[in-house]
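Fold and contact review
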Amino acid sequence: QFVQFAPLAAEACPEWPRAYEKLGNAASALRTYQRCLQFDTTNGENAFFLAHAYERAGKIDEAAAVYEAAHNRSRTNPDVTTGLARCRLRQGRTPEARVLAEEAFQHDPGNSDALLVLGLACRNAGDLTHAKEYLERRAKLAQRDQDFDIALAPLAEELGDVRDAVEHYRKIVAAGGGSDFV
């Protein structure tokens, strides 16, 4: 309740909403990010954090709308482009997700999240060879994480590599299973 009425200085953005996120208060974080964006509607950083907060809260359509507006203002931010690609993938818009992830990767060849989206988009499109290639490239760029195992387990299974699939599933179970994205 306090965040709705408290004065908020533009200089406090985005630190204040991030503090709410760290405390696990997603609703206050979202409201504060929205207020931050009101100070400067062209602020790409505020837009990115608002969209990312929507995404973490499972509000994919809202996240996509904010990412898209930020992407339309400036197509050179690979984090915004990758965020929009993630949303498009979750919305079932696989071809668009793939194009956006390729664009993000061109701007930042070290963007492991773009490679994850590319791998998943290829898998969704039935292009298993490229899916595995992108996911393996991601593994070389970023530390293997749960998203990697969650993406590769069913892919390995579809490719007939049962031993590899079992290994990925074992890691998922050991880590507690689940992901916000994959």
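Heads up: these notes are all about the structure in this document. The structure presented is a predicted model; accordingly, all values stated were derived computationally and were not measured. Numbering of residues starts from 1 in each chain and follows the order in which that chain's sequence is written. Totals for whole chains, interfaces and linings use every residue, but because this is a predicted model, local features are given only for residues with pLDDT of at least 70 and side-chain atom pairs only at 80 or more, for both listing and counting. In computing side-chain values, all of the structure's heavy atoms are included and hydrogens and water are not.

Turning to its location among the elements, Arg-75 is positioned in the loop between helix H5 (60–73) and helix H6 (78–90). Relative accessibility under 20% of the residue-type maximum defines a buried residue, over 50% an exposed one, and the middle range a partly exposed one, all with a 1.4 Å probe and only protein chains included. Overall, Arg-75 belongs to the partly exposed group, its relative accessible area being 44%. When the C-alpha atoms of Arg-75 and Ala-104 are compared, they prove to be 8.9 Å apart, with 29 residues separating the residues in sequence. We call two residues in contact when some of their heavy atoms are within 4.5 Å. With residues near it in sequence (within four places) discarded, Arg-75 still touches Thr-81, Glu-103 and His-107. The helix count covers DSSP runs of H or I at least four residues long, the strand count covers runs of E at least two residues long, and both are numbered beginning at the N terminus.

Criterion for a salt bridge: a side-chain nitrogen of Lys or Arg within 4 Å of a carboxyl oxygen of Asp or Glu. Enumeration over the complete set of coordinates arrives at nine salt bridges. In this structure, Arg-86 and Glu-55 form a salt bridge, with 2.5 Å as the shortest nitrogen-oxygen distance. Placement of the pair is Arg-86 in helix H6 and Glu-55 in helix H4 (residues 44–56), with a sequence separation of 31 residues. Both residues of the pair, Arg-86 and Glu-55, count as buried. Three or more residues are tied together by salt bridges with common partners; here these are Glu-68, Arg-88, Arg-93 and Glu-96.

Since the α-helix advances by 3.6 residues per turn, residues separated by three or four positions end up pointing in the same direction. Between its first and last C-alpha, helix H8 (residues 112–124) extends 18 Å over 13 residues, near the 18 Å set by a 1.5 Å rise per residue. For H8, the buried fraction is high: 10 of the 13 residues fall into the buried class. What H8 keeps buried is the set Ser-112, Ala-114, Leu-115, Leu-116, Val-117, Leu-118, Gly-119, Leu-120, Ala-121 and Cys-122. In this structure, the buried side of H8 is in contact with H6, helix H7 (94–107), helix H9 (128–141) and helix H10 (146–158). Between the side-chain oxygen at the start of H8 and the backbone nitrogen of Asp-113 there is a gap of 3.2 Å, and the oxygen is on Asn-111. Within two residues after H8, Gly-126 carries a phi angle of roughly 85 degrees, on the positive side. The span one expects for a helix is its residue count, reduced by one, times 1.5 Å. Polar contacts here mean pairs of N or O atoms no more than 3.5 Å apart (in protein, one a potential hydrogen donor and the other a potential acceptor; neighbouring residues in sequence count only if both atoms are side-chain atoms).

What follows deals with the packing of aromatic side chains. Any two of the Phe, Tyr and Trp rings considered here, Trp counted by its six-membered ring, make a pair once their centres fall within 6.5 Å; the pair's planes then place it as stacked at under 30 degrees, edge-to-face at over 60, or tilted in between. Here the structure, examined in full by the defined rule, presents two aromatic pairs. With a centroid separation of 5.4 Å and an interplanar angle of 65 degrees, the aromatic rings of Phe-48 and Phe-49 are classed as edge-to-face. What makes Phe-48 buried here is its relative accessible area of 17%. Look at Phe-48 and Tyr-67: their rings are 6.2 Å apart centre to centre, the planes differ by 55 degrees, and that puts the pair in the tilted class. Placement of the pair is Phe-48 in helix H4 and Tyr-67 in helix H5, with a sequence separation of 19 residues. By relative accessible area, Tyr-67 is classed as buried at 0%. Among the aromatic residues, those joined into a cluster by ring pairs are Phe-48, Phe-49 and Tyr-67.

Once that is clear, we can look at the nonpolar core. To define a nonpolar core, start from buried Ala, Val, Leu, Ile, Met, Phe, Trp, Tyr and Cys residues and group those joined through side-chain atoms within 4.5 Å. In this structure, Leu-50, Tyr-67 and Leu-135 are the most contacted members of the largest nonpolar core, which totals 44 residues. Secondary structure elements with two or more residues in this core: helix H3 (26–39), H4, H5, H6, H7, H8, H9 and H10. Top element by residues in this core is H8. It accounts for eight residues. Once residues lying within four places of it in the same chain are set aside, the contact partners of Leu-50 are Leu-30, Tyr-33, Gln-34, Leu-37 and Val-66.

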